[in-house]
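What the coordinates show
Chain residues, written in single-letter form:
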Amino acid sequence: MIAAILNSPFLLPILIGLLAFFILKFKKEFFLPIFAPALIFTLFFGKIIKDLTQISRPFVENPAVLGVTTNIPADFAFPSLHTAVATIIAWTITVFWPKLSPLGFFGAFLIAYSRVSLGLHHLSDVVGGFFLATAIFWFFYFLSQTKHASDWSKDVNLRRKIVHLFYGLSLALAINYQILTPYYFALFTLLLTILLFLNHLRPVTFLNKIIIYFERKPLPKFLGLGPLLFTWSSLVAVFAFPLPVATVAILTLAVGDSINAITGYYLNNGHSLKKRWSAAFASAIAAATVSLPYVPLKFLAPAIITTTILEFSEPKIDGRRLNDNLFIPLVTGGVILLAERIFT
């Protein structure tokens, strides 16, 4: 029973969701500078390290040590991302609610111990997960003490772009590694749509406060429209394109649009998110960098160039700017498939 709970695919998402809820309710000024980036970058770099090291799991070498029959991981072992995420949770609890620190680290220990005892990880894997998460968490903690980090909480439009980046990275990673299957993604999208429509008809004060904290100014008539369109276009990409192409389609919007605007913000000395060609160039490089593991450069380059031009030019129909959340993933995927047909 305990092994089934500790190995459940729902355990860590539930713990992350609860922790995010309490941070947003009681200490929301720390959500963007520390918790969100530490979690996302830990998962992102953890996956990269797995693919680079390619260390097999213990049960691959010796099937007799496998202690579970469900939710058996198929990726590489080092580092343990379960341990890494549990460590992020433990450090977050330690910083924000110090009295609960023992509980946080005891939970991390239980998860780490279970990964080894169930034959899913070597001891070195959980140690590596702990050190990776610790290094990334404290990097963002000390970064949050700088002046620029305070801008994240003061400028709502800048804050919105940072959330856009983290949300897109989360979706791309979850989809690419089948943490979020097409079925569950469709269910998630439907529930998000219902939640936002119900909130539009009968606003919930607490939910509105969270949405407004991250929403563009001036406020749109329908709160949360941007993330909703992003989610729907990502869902269409998942069903329309092969998995690697869908992953790149989501990454291109998340990384390209966000870094374009954020870089523009600092190039404009913090006065606006107005896009500039130098920022567009930086965003194109960043989007290509995170996308190369999934699609070859000769297919990727035409898509990155096309979307960069569209992001910068902000095309309009009848004088109304097209929402890039809606079309960038579809354009990206379409251009990649077209390039594959032309260059192969």
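How each quantity is defined
- Residues numbered from 1 in each chain as written.
- Predicted model: local features only at pLDDT ≥ 70, side-chain atom pairs only at ≥ 80, totals over all residues.
- Heavy atoms only, no water.
- Phe/Tyr/Trp six-rings, centres within 6.5 Å; stacked < 30°, edge-to-face > 60°.
- Helix = DSSP H or I, 4+ residues; strand = E, 2+ residues; numbered from the N terminus.
- Buried < 20%, exposed > 50% of the residue type's maximum accessible area, 1.4 Å probe, protein only.
- Lys NZ or Arg CZ within 6 Å of the ring centre and 35° of its normal.
- 1 Å grid on protein atoms, 1.4 Å probe; cavity = no way out; pocket = protein on both sides within 12 Å on 5 of 7 lines; lining within 4 Å.
- Points joined across faces, edges and corners; volume = space filled by probe spheres on them.
- Expected span 1.5 Å × (residues − 1).
- Arc of directions from axis to C-beta.
- Contact = heavy atoms within 4.5 Å.

Some thoughts on the packing of aromatic side chains
Scanning the entire structure with this criterion turns up 18 aromatic pairs. With a centroid separation of 5.3 Å and an interplanar angle of 45°, the aromatic rings of phenylalanine 41 and phenylalanine 140 are classed as tilted. Of this pair, phenylalanine 41 sits in helix α3 (residues 31–53) while phenylalanine 140 sits in helix α7 (residues 123–143), and the two are 99 residues apart along the sequence. By relative accessible area, which is 7% here, phenylalanine 140 ends up buried. What links up through ring pairs into an aromatic cluster is the set Phe41, Phe44, Phe45, Phe139 and Phe140. Between the NZ or CZ atom of lysine 25 and the centre of the ring of phenylalanine 26, over which it lies, the distance is 5.8 Å.

Some points on empty space enclosed by the protein
Under the criterion given, the structure shown has 2 cavities of 30 Å³ or more. What the largest cavity holds in volume is close to 60 Å³. Forming the walls of the largest cavity are Thr252, Gly256, Asp257, Asn260, Ser283, Ala284, Ala287, Ile304, Thr307, Thr308, Glu311 and Ile328. Residue assignment for the lining of the largest cavity shows that the elements contributing at least two residues are α13 (243–267), α14 (277–291) and α15 (297–313).

Here we look at helix α10 (residues 182–201)
Given 3.6 residues per turn, any residue in an α-helix points the same way as the ones three and four places further on. Taking 1.5 Å of rise per residue, 20 residues should cover 28 Å, and α10 covers 29 Å from first to last C-alpha, within 8% of that figure. Taken as a whole, α10 has its buried residues at Phe185, Thr189, Leu192, Thr193, Leu196 and Asn199. Within α10, the buried residues cover an arc of 135° as seen down the axis, which keeps them to one side. The exposed residues of α10 that point more than 90 degrees off its buried face are Tyr183, Leu191, Leu198 and Leu201.

Regarding unusual backbone geometry
With an omega of 0°, the peptide bond running from phenylalanine 78 to proline 79 counts as cis. Along the chain, the position of proline 79 falls in the loop between α4 (58–61) and α5 (81–96). Backbone geometry places glutamine 54, a non-glycine residue, at a positive phi of 50°. By the secondary structure assignment, glutamine 54 is in the loop between α3 and α4.

Some remarks on the environment of threonine 308
Tracing the backbone shows threonine 308 in helix α15. Looking at threonine 308, the relative accessible area reads 14%, which means it is buried. For the pair formed by threonine 308 and asparagine 260, sequence separation is 48 residues and the distance between their alpha carbons is 9.0 Å. Aside from chain neighbours lying at most four places away, what touches threonine 308 is Ala280 and Ala284.

Interpretation note: all reported values are geometric properties and have no functional meaning in isolation.
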